[in-house]
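A look at the structure
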Amino acid sequence: MQTKKSIKKPICFDNSYALLGGRFYADVKPTPVEQPGIIKLNYGLAQDLGLDIEELEPEAWAEIFSGNHILSGAEPLAMVYAGHQFGNFVPQLGDGRAILLGEVIDNSSCRRDIQLKGAGLTPFSRQGDGRAALGPVLREYIISEAMHALGIPTTRSLAAVTTGEPVYREKVLPGAILTRVALAHVRTGTFQYFAVQRDEKDLRQLADYVIERLYPELKVAANPYLKLLEKVLERHAGLVAQWQIVGFIHGVMNTDNMAISGETIDYGPCAFMDTFKQTKVFSSIDHMGRYAYGNQPSILQWNLTRFAETILPLIDKIPDRAVEYANEVIECYPERFRDYWLSGMRQKLGLFISEPEDESLIQALLDTMQENEADFTLTFRRLSDAALTQENEGSVRILFNDTSAYDNWAKSWRDRLSREHKAPEERFELMSQANPAVIPRNHQVKQALDAAEEYGDYGPFEKLLEVLSSPYEVPEVYSEYLLPPKPEEHVLQTFCGT
Ligand code: AMP
Ligand code: MG
């Protein structure tokens, strides 16, 4: 390996999952690739993780992030898990193409997983090839980093590399590997795997591990496992409320794609909406619209209930009592979700205090947007401008097919605003921080991926990443990124690319 200096530890691994024992994973090394090349290294994240990026040349990092070179301290493994896929239970899935290299303790003393996605076959690959194509890797890189910049909990992207090998999907595509960073890759499906085997010892070991790693404050609780359910519910209610608030559609909310840490994980056919529609679905595999935008909150409740079921034996030895306790927690979900959602939506509308009628005001706007095919992101962003001065109102109303429908709603909004004594500047400030100017719009993501795939041109990818890194404040030179797609640019479907 080519090194600048002779220090041997560019990544200091400190692994804990590997200590759980062989029932939790399979030891498996990444399959070497022919010709690894760096597409992107996330310097900021690398620094947070305490990695010494400068220590090695990019070629050496390409060897590491392709899995060709295993650093000392890494203990590569594929995690086992189960999951409900589109409502159907699969008792064993597992990392079919992801390999956990190990964990590091970041600069905030937080433990983080470093995992290669697309690193080759594992015992859980089933019919898959263990690989990832360039397009989906870049897609996950862009969208996960955009989510992070929006302030939404998410797994991160540390690196993207090309493999120099083809992958075979509907057509031959260039192969790539993503290095994904997470607070933990434990999923609802991980709990399901052990629960279905009725192996209480392993289940308890997993739960204790999760509590120790992610929620250590629960250790002293009278019933830590019941508290774990509460905590997971709380994190996810907050998370999915944030998705709704930016118009993000995950696309595959299967229980194996739900991280116990409360991070958004598994960017497959996800997408951000342009024009607002509750029933919006982009995923090519979601034929019934199970994971449509408007269904996400109730699907989360379904998933949380599946999680609750897994830990019932830990919550109480007496089954009926366990169910009763768990139900009490799950029943709180609709209200917890609503609280998160309402407080986020209030901010989007520039409301500082809460009034009982706020929900109907918000709902009326969403209904009007839907009926009039208004662009989700632009509507809210331009409302911030309209809050600053009514002269800006024209830029919002033209987003609605029937401008008078907006005017009607805006009248009740203005009435509501007038009941709060706030300076327009203050309101603008509040709203600007809640209403992003840019989101990873599908047509822009597609353009970046097409340029990379077809011409090896990563310029548009780099530029898009740059714009999305500060979504609430976009320099004038990037104003083209604010625009919704032209009719011919509309992306109607997204694919998970597996
Ligand atoms: P996903 O839909 O990406 O959440 O994946 C569902 C399951 O399929 C997981 O167990 C993945 O590890 C597995 N999988 C997805 N793509 C591949 C692939 N190309 N090779 C092997 N396994 C895969
Ligand atoms: Mg998955």
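Residues numbered from 1 in each chain as written. Chains lettered and ligands numbered in written order. Predicted model: local features only at pLDDT ≥ 70, side-chain atom pairs only at ≥ 80, totals over all residues. Heavy atoms only, no water.

Observations regarding the site of ligand 1
Heads up, the rule is: Proximity is defined per residue: any heavy atom of the residue falling within 4 Å of a molecule or strand makes that residue near it. Think of a polar contact as two N or O atoms within 3.5 Å of one another; within protein, one of them needs to be a possible hydrogen donor and the other a possible acceptor, and neighboring residues in sequence only count if both atoms come from side chains. Each residue is assigned to one of three groups, with Ala, Val, Leu, Ile, Met, Phe, Trp, Tyr, Cys and Pro labelled nonpolar, Asp, Glu, Lys and Arg labelled charged, and all others, Gly among them, labelled polar.
Lining the immediate environment of ligand 1, one finds 18 residues, of which Gly-94, Gly-96, Asp-129, Gly-130 and Asn-257 sit closest. In the model, a nitrogen atom of ligand 1 is placed 2.9 Å from a nitrogen or oxygen of the Gly-130 main chain. Residues that form the shell around ligand 1 fall into these classes: two nonpolar, eight polar and eight charged.

Points about the nonpolar core
Put simply, the test is: To define a nonpolar core, start from buried Ala, Val, Leu, Ile, Met, Phe, Trp, Tyr and Cys residues and group those joined through side-chain atoms within 4.5 Å. We call a residue buried when its accessible area falls under 20% of the maximum for its residue type, exposed when it is over 50%, and partly exposed in between, using a 1.4 Å probe and counting protein chains only. Only runs of H or I of at least four residues qualify as helices and only runs of E of at least two qualify as strands under DSSP, and these elements are numbered from the N terminus.
Of all hydrophobic cores here, the largest spans 150 residues; its most connected members are Phe-65, Phe-191 and Trp-413. When residues in this core are grouped by element, the largest group, 13 residues, is from helix 6 (residues 224-246).

Overview of empty space enclosed by the protein
Here is the rule we go by: Definitions used for this entry: grid spacing 1 Å over protein atoms alone; cavity, a set of points where a 1.4 Å probe fits but cannot get out; pocket, an open set with protein on both sides within 12 Å along at least 5 of 7 lines; lining residue, one with an atom within 4 Å of a point. Grid points are joined across faces, edges and corners, and a volume is the space filled by probe spheres set on the points.
Here the structure, examined in full by the defined rule, presents two cavities of 30 Å³ or more. Every residue lining the largest cavity is counted, 15 residues in all, and those nearest its centre are His-236, Trp-243, Met-253, Asn-257 and Met-258. Looking at the lining of the largest cavity, the elements that each hand over two or more residues are helix 6 and helix 7 (296-310). It is helix 6 that contributes the most residues to the lining of the largest cavity, four residues altogether. Broken down by class, the residue content of the lining of the largest cavity amounts to eight nonpolar, six polar and one charged.

Here's the deal with helix 2 (residues 58-65)
What counts here: Contact between two residues is taken to exist if any of their heavy atoms lie within 4.5 Å; hydrogens are not considered.
Buried within helix 2 we find Ala-60, Trp-61, Ala-62, Ile-64 and Phe-65. If you follow the buried residues of helix 2, they end up packed against strand 2 (37-41), strand 7 (111-117), strand 9 (156-168) and strand 10 (172-182).

Re the coordination of the magnesium ion (ligand 2)
In ideal tetrahedral geometry, four donors around a metal make angles of 109.5 degrees, whereas ideal octahedral geometry with six donors gives angles of 90 or 180 degrees. Applicable threshold: The donor set comprises N, O and S atoms within 2.8 Å of the metal, extended to 3.2 Å for Na, K and Ca; water molecules are omitted, so apparent gaps in a site may simply reflect that omission.
Distances from the magnesium ion (ligand 2) to its protein donors, Asn-257 (OD1) and Asp-266 (OD), fall at 2.1 Å. Like Asn-257, the residue Asp-266 is buried in the burial classification.

A closer look at the packing of aromatic side chains
As a reminder of what qualifies: When the centres of two rings from Phe, Tyr and Trp lie within 6.5 Å, Trp using its six-membered ring, the rings pair. Their planes under 30 degrees apart give stacked, over 60 give edge-to-face, and anything left gives tilted.
Considering all chains together, one arrives at 21 aromatic pairs under this definition. Seen in terms of ring centroids, Phe-191 and Phe-307 are 5.0 Å apart; in terms of plane orientation they differ by 90°. Their pairing is edge-to-face. Of the two residues, Phe-191 sits in helix 4 (residues 188-196) while Phe-307 sits in helix 7, which places them 116 residues apart along the sequence. By the burial criterion, Phe-191 is buried, and Phe-307 matches it. For the pair Tyr-333 and Phe-337, a centre-to-centre distance of 6.0 Å together with 35° between the ring planes defines the contact as tilted. Here the residue Tyr-333 and the residue Phe-337 both occupy positions in helix 10 (residues 333-348), the gap between them amounting to four residues, near one helical turn. For Tyr-333, a relative accessible area of 3% translates into the label buried. Phe-337 gets classed as buried once you look at its relative accessible area, which sits at 11%.

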